[in-house]
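Working through the structure, step by step
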Amino acid sequence: TDLTCLFLGQPLANPLMNASGVCCRTTTELDTLASSAAAAMVTKSCTLEPRTGNPEPRYSSLPLGSINSMGLPNEGYQYYLDYAERFDHERKLLFLSISGLTLDDNVEMIAAIREAVNPALLEVNLSCPNVPGKPQTGYDFEAMDELLDEVNDAYKRPFGVKLPPYFDISHFDAAAEVLNRYPRLAFVTCINSVGNGLVIDPDTESVVIKPKDGFGGLGGAYVLPTALANVNAFYRRCPDKQIIGCGGVQSGTEAFLHLLAGASLVQIGTALYEEGPAVFDRVLGELTAIMASKGYTSIDAFRGKLKTL
Ligand code: RRO
């Protein structure tokens, strides 16, 4: 069974990577990912200056997934750019995620990344749900268009975006129409956490995380159908872009479903947080077994070939 795949023309040993935010804030965590079975990895979304993020507790593990309101804790973009400059890019495909607090911050980070000798693949996070007072750019199509226009001009290389989940066909259409205006926008990562859920513990009669009165982004099994819908919606609407699937992957089965829906790469967030980097070995083994049982010898044999009724 052959798990190799192509991403923006680069051959990769397999389609797995971490979801941004999990196990990728410090160089220690990033080195752990670099030593894992994942063929690609992405850094924690960064800002111009380092941030400590929201008050704790700000992550809670739940039977069906997770809720988080980390609030963009990160070491500042220069830290991740330095990591990328030192990184052995032959070893794995490295993505650098940025999430500027303003459009100007994004443009300033992009200008620096553009000048780097060993730049990673740029992913612009349009969907952090957890910074108080800062709406998700991906839910404001005019702001998204303006930002992409600036990034496109400033970067001049292929880049990608991390999108929030959409829940209406008209929003899939509108978002895809904006994305398709930018040919250098080469990949789209769907989805970020389902923003502003509220988990309540019936025993304590309390919320389970501290920031924003308990409101936070949902991940894990809760979000799988929403993630698959977004992957497939953008796969259908953006034929010239590659899709990275994220949301609800905890075994080979969900990885298989993301690929079937059209994802080129598949990210693991909550399950990586809970299980550590061994999750990649397990999911790769399970995916291999599923493919073998179906007689698929390559990912291309089924990727994007979701059947409808
Ligand atoms: O740091 C966070 O709170 C966070 C970010 Br930037 C994001 O994009 N998605 C998320 O679930 N949490």
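Above this text sits the structure in question.
An account of the accompanying structure is given in this report. Note that this is a predicted model, so its numbers are computed, not measured.

1. A word on the packing of aromatic side chains
Within the structure shown, the criterion is met by 13 aromatic pairs. A ring pair is formed by Phe7 and Phe95, whose centres lie 5.6 Å apart and whose planes are at 65°; its orientation type is edge-to-face. With Phe7 in strand β1 (residues 5-7) and Phe95 in strand β7 (residues 93-98), this pair connects stretches of sequence that are 88 residues apart. Neither residue differs from the other here; Phe7 and Phe95 are each classed as buried. Their ring planes at 40° and their centres at 5.7 Å tell us that Tyr83 and Phe87 sit as a pair that is tilted. For Phe87, a relative accessible area of 8% corresponds to the buried category. In textbook terms, an aromatic cluster arises when at least three aromatic residues are bridged by ring pairs, as seen for Tyr139, Phe141, Tyr166, Phe172 and Phe234.

2. Examining a nonpolar patch on the surface
There is a patch of nonpolar side chains on the surface, built from Leu198, Ile200, Val207 and Phe215 and spanning about 330 Å² of accessible area. Among the secondary structure elements, Leu198 is positioned in strand β11 (residues 194-198). When its relative accessible area of 39% is taken as the criterion, Leu198 is described as partly exposed.

3. Things to note about the sheet that holds strand β6 (residues 65-68)
With respect to topology, four strands assemble into an open sheet ordered β5-β6-β14-β11, the strand pairing being antiparallel. Each end of this open sheet is capped by a strand with a single partner; those strands are β5 (59-62) and β11. Here the average twist between neighbouring strands, direction ignored, is 35°. The pairing of β5 with β6 spans four bridges and is antiparallel. Pairing of Tyr59 across the sheet is with Asn68, part of β6.

4. So, the pairing of strand β9 (residues 159-163)
A large share of β9 lies buried, amounting to five of its five residues. For the crossover that starts at strand β8 (residues 121-125), traverses helix α4 (residues 141-155) and ends in the parallel β9, the hand is right-handed. As paired strands, β9 and strand β10 (residues 185-190) are joined by five bridges and run parallel to one another. Counterpart to Val161 in the pairing with β10 is Val188.

5. Comments concerning the site of the ligand
Residues in close proximity to the ligand include Lys44, Asn68, Met70, Gly71, Leu72, Pro73, Asn125, Cys128, Pro129, Asn130, Asn192 and Ser193, which together make up its full environment. Within the backbone of Leu72, one N or O atom sits 2.8 Å away from an oxygen atom of the ligand. At a separation of 2.9 Å, an oxygen atom of the ligand approaches a polar side-chain atom of Asn130. For the ligand, whose accessible area on its own is 320 Å², the fraction buried by protein is 92%. Of the residues that constitute the shell around the ligand, the class distribution is five nonpolar, six polar and one charged.

6. Overview of the sheet that holds β10
Strands sit in the order β3-β16-β15-β10-β9-β8-β7-β4 across an open sheet of eight strands; the sheet is parallel. Edge strands, defined here as strands with exactly one partner in the open sheet, are β3 (16-18) and β4 (40-42). Neighbour-to-neighbour, the strand axes of the sheet open up by a mean angle of 25°, direction not taken into account. Judged from the four bridges that link them, β10 and strand β15 (residues 242-246) form a sheet pairing that is parallel. Bridge pairing in β15 links Thr189 to Ile244.

7. Some thoughts on α4
Here α4 contains 15 residues, and its C-alpha end-to-end distance of 21 Å stays within 8% of the 21 Å for a straight helix at 1.5 Å per residue. Every buried residue of α4 is accounted for by Met144, Leu147, Leu148, Val151, Asn152, Ala154 and Tyr155. The elements touched by buried residues of α4 are α3 (103-115), β8, β9, α5 (169-179) and β10. Once α4 ends, the next one or two residues include Lys156, with phi positive near 60°.

The rules we used
- Residues numbered from 1 in each chain as written.
- Predicted model: local features only at pLDDT ≥ 70, side-chain atom pairs only at ≥ 80, totals over all residues.
- Heavy atoms only, no water.
- Phe/Tyr/Trp six-rings, centres within 6.5 Å; stacked < 30°, edge-to-face > 60°.
- Helix = DSSP H or I, 4+ residues; strand = E, 2+ residues; numbered from the N terminus.
- Buried < 20%, exposed > 50% of the residue type's maximum accessible area, 1.4 Å probe, protein only.
- Patch = residues over 30% accessible without salt bridge, like charges linked within 9 Å, V, L, I, M, F, W, Y side chains within 5 Å.
- Areas by Shrake-Rupley, 256 points an atom, 1.4 Å probe, with all protein chains shown as cover.
- Salt bridge = Lys/Arg side-chain N within 4 Å of Asp/Glu carboxyl O.
- Pairing = 2+ DSSP bridges.
- Axes fitted to C-alpha atoms, helices over the stretch in contact; angles between N-to-C directions.
- Right-handed = clockwise from strand over helix to strand, strands pointing away.
- Near = heavy atom within 4 Å.
- Polar contact = N/O pair within 3.5 Å; in protein donor to acceptor, adjacent residues only side chain to side chain.
- Nonpolar A, V, L, I, M, F, W, Y, C, P; charged D, E, K, R; others polar.
- Expected span 1.5 Å × (residues − 1).
- Contact = heavy atoms within 4.5 Å.

Taken by themselves, the reported measurements are silent on function.
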